[in-house]
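A structural walkthrough
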Amino acid sequence: MLSEKIIKQLQRIVGAEYVSTAKADLICYSYDATQQQYLPNVVVHPGRTEEVAQLMLLANAEKIPVFPRGSGSGFTGGSLPIAGGIVLAMTRLDRIVEIDADNLVATVEPGVVTEQFQKAVEKVGLFYPPDPASLKFSTLGGNVAECAGGPRCVKYGVTKDFILGLEIVTPTGDIIRTGGPTMKGVVGYDLTKLMCGSEGTLGIITKIIIKLLPLPEAKKTMLVLFASIDGAAQAVSAIIRGKIIPTTLEFMDAATIACVRQATDLDVPESAKALLIIEVDGDREMIDKQAQKIAAIVQPLGVVETRIAETSAESEALWQIRRSVSASLRKVNPDKFNEDICVPRSKVPEMIRKVEAISAELGISIVNFGHAGDGNIHVNVMIDRKRPGQLEKAERAIEAVFKGALALGGTMSGEHGVGIMKSPYINLELSAEAQSYMETIKKALDPNNVLNPGKIFLQR
């Protein structure tokens, strides 16, 4: 519980209408996509960088925990207010400040929704590739904090590859700027890269400078159905060996196809045990040739059927199979643990077999799909929490999946981050020395541990 004096100070900083202690508002900001819930003491909606700085000065002096938040779409609890305190909702800072077509750069505030930004730059013939599944509602500030990925990363890279500079409010209330609107810059440490993926533990992002690309002229979508996951995985490597880097290389395993088949009327034959959704972009003439070349490359690898979209409507129909996955999973069981391991792309079949063995041993459903081009597998452990023993089995399965990915040279998170959900497992991937190095940075920048405490590292 915060004192009335603190609440009045917050109201003086941002305005009384942007500070709420109403129970209904606190509940709205108490959860994210993890299904976990922690009630804050107050929700504050700043509208300017200076307000964020004043708020952090107050919070640091009074040792009040502050939890910055975009739209709360994270899968690891990165924005959850696990120690009460202040939820700092950044969605009022939602301006696209500038789109500079001459220098292929944009400047935005952190509350801009990702898809709205993509549409804004596409209107002037430019392109921002990172496309997390949550792009219709997730914000760019959240994307930077988590270093979000998405299907197009196989060709274009993840969020950090497009961030040139940031304006940041530090945990002690200073305002600093990192990087800038130039393609080069090597003066001092690269604090921009340090902040990308730091999960809101080192600073609060109040402005973002983003690199843009020319908008590709056209794109072409293909759906290839395979008789086995091995054929699909071999196809991924074969396509890239063929000197083609598709925009997306999405895969679904047999369990995922079965879910989609049961939950929708989508036409997927019973003989299909894996599929790839492949998209290429670029000059119109070039993508037609690439699509035909890809079809020829994958044909000997157990292809059941190949569909190539010729129109936007046909492309949308192929993507509908992928978009129907999340809704279909609820038919399996009501509760989902969505993990995002990443392994070398050639190891995807081996990882899928490991997951299938874990599923069989524990007697719980696990459904796999994801970004085959970069080896990023979304492992969905599906349980019913109300059934005795199910949650414990899910926890055992998750640990076994992480160990399996690491044994293959992978990582336990390709794009979701650590938050609170993966912090119990961080010792599996990071040495004590590496963790200590990271914690030293956190202590130096946030000596009172007021900014998003309890995330990434277990409290020691």
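Anyway, here's the lowdown on the structure attached to this text.

1. Side note on the pattern of salt bridges
- A complete count under the given rule lists 22 salt bridges for this structure.
- Close ionic contact of Glu109 with Arg95 constitutes a salt bridge, the shortest N to O distance being 3.2 Å. One end of the pair, Glu109, is in the loop between β6 (105-108) and α4 (114-122); the other, Arg95, is in the loop between β4 (86-89) and β5 (96-100), and 14 residues separate them in sequence.
- Note that Lys422 and Asp340 form a salt bridge whose closest N and O atoms lie 2.3 Å from each other. Of the two residues, Lys422 is situated in the loop between α14 (390-407) and α15 (426-429) and Asp340 in strand β16 (residues 335-342); the sequence distance between them amounts to 82 residues. You'll find Lys422 and Asp340 in the same group, each marked buried.

2. A look at α4
- Where α4 is concerned, the buried positions are Thr114, Glu115, Phe117, Gln118, Ala120 and Val121.
- Buried positions along α4 lie against β5, β6, β7 (126-127), α5 (140-146) and β10 (204-211).

3. Focus on the packing of helix α8 (residues 229-241) against helix α10 (residues 284-298)
- Close contact between α8 and α10 brings their axes to 9 Å; oriented N to C, the two are set at 130 degrees. As judged from the angle between their axes, α8 and α10 are oblique. As α8 runs across α10, the sense of the crossing is right-handed. Two secondary-structure elements touch here, α8 through Ala235, Ala238 and Ile239 and α10 through Ile294, Ile297 and Val298.
- Partitioned by chemical class, the residues of the contact of α8 with α10 number six nonpolar, no polar and no charged.

4. Observations concerning the sheet that holds strand β13 (residues 248-252)
- Strand order in this open sheet of seven strands is β15-β12-β14-β13-β17-β18-β16, and the pairing throughout is antiparallel. Looking at which strands have only one partner, the edges of the open sheet turn out to be β15 (303-308) and β16. Averaged over all pairs of adjacent strands, the angle between strand axes in this sheet comes to 15 degrees, irrespective of strand direction.
- The pairing of strand β12 (residues 218-226) with strand β14 (residues 274-282) spans nine bridges and is classified as antiparallel. Within β14, the residue paired with Thr221 across the bridge is Glu279.
- Contacts between helix α9 (residues 254-263) and the sheet are confined to β13, β14 and β17 (365-371), with β17 contributing the most and set at about 100 degrees to the helix.
- Contacting β13, β16, β17 and β18 (376-383), helix α13 (residues 348-362) crosses the sheet at an angle of about 160 degrees to β17.

5. Observations regarding the sheet that holds strand β8 (residues 163-169)
- The strand order across the open sheet built from five strands is β5-β6-β10-β8-β9, with neighbouring strands paired in antiparallel fashion. Looking at the sheet topology across the chains shown, the edges are occupied by β5 and β9 (175-179). Averaged over all neighbouring strand pairs, the angle between strand axes comes to 10 degrees, with direction disregarded.
- Examined bridge by bridge, β8 and β10 share six bridges and lie antiparallel to one another. Within the sheet, the bridge partner assigned to Val169 lies in β10 and is Ile204.
- Contacts from helix α3 (residues 49-62) reach β8, β9 and β10 within the one sheet, and its direction differs from that of β8 by about 50 degrees.
- Set on the sheet, α4 makes contact with β5, β6 and β10; between it and β5 the angle comes to about 35 degrees.

Thresholds applied
- Residues numbered from 1 in each chain as written.
- Predicted model: local features only at pLDDT ≥ 70, side-chain atom pairs only at ≥ 80, totals over all residues.
- Heavy atoms only, no water.
- Salt bridge = Lys/Arg side-chain N within 4 Å of Asp/Glu carboxyl O.
- Helix = DSSP H or I, 4+ residues; strand = E, 2+ residues; numbered from the N terminus.
- Buried < 20%, exposed > 50% of the residue type's maximum accessible area, 1.4 Å probe, protein only.
- Contact = heavy atoms within 4.5 Å.
- Axes fitted to C-alpha atoms, helices over the stretch in contact; angles between N-to-C directions.
- Parallel < 35°, antiparallel > 145°, perpendicular 65-115°, else oblique.
- Left-handed = near helix turned anticlockwise from the far one by under 90°.
- Nonpolar A, V, L, I, M, F, W, Y, C, P; charged D, E, K, R; others polar.
- Pairing = 2+ DSSP bridges.

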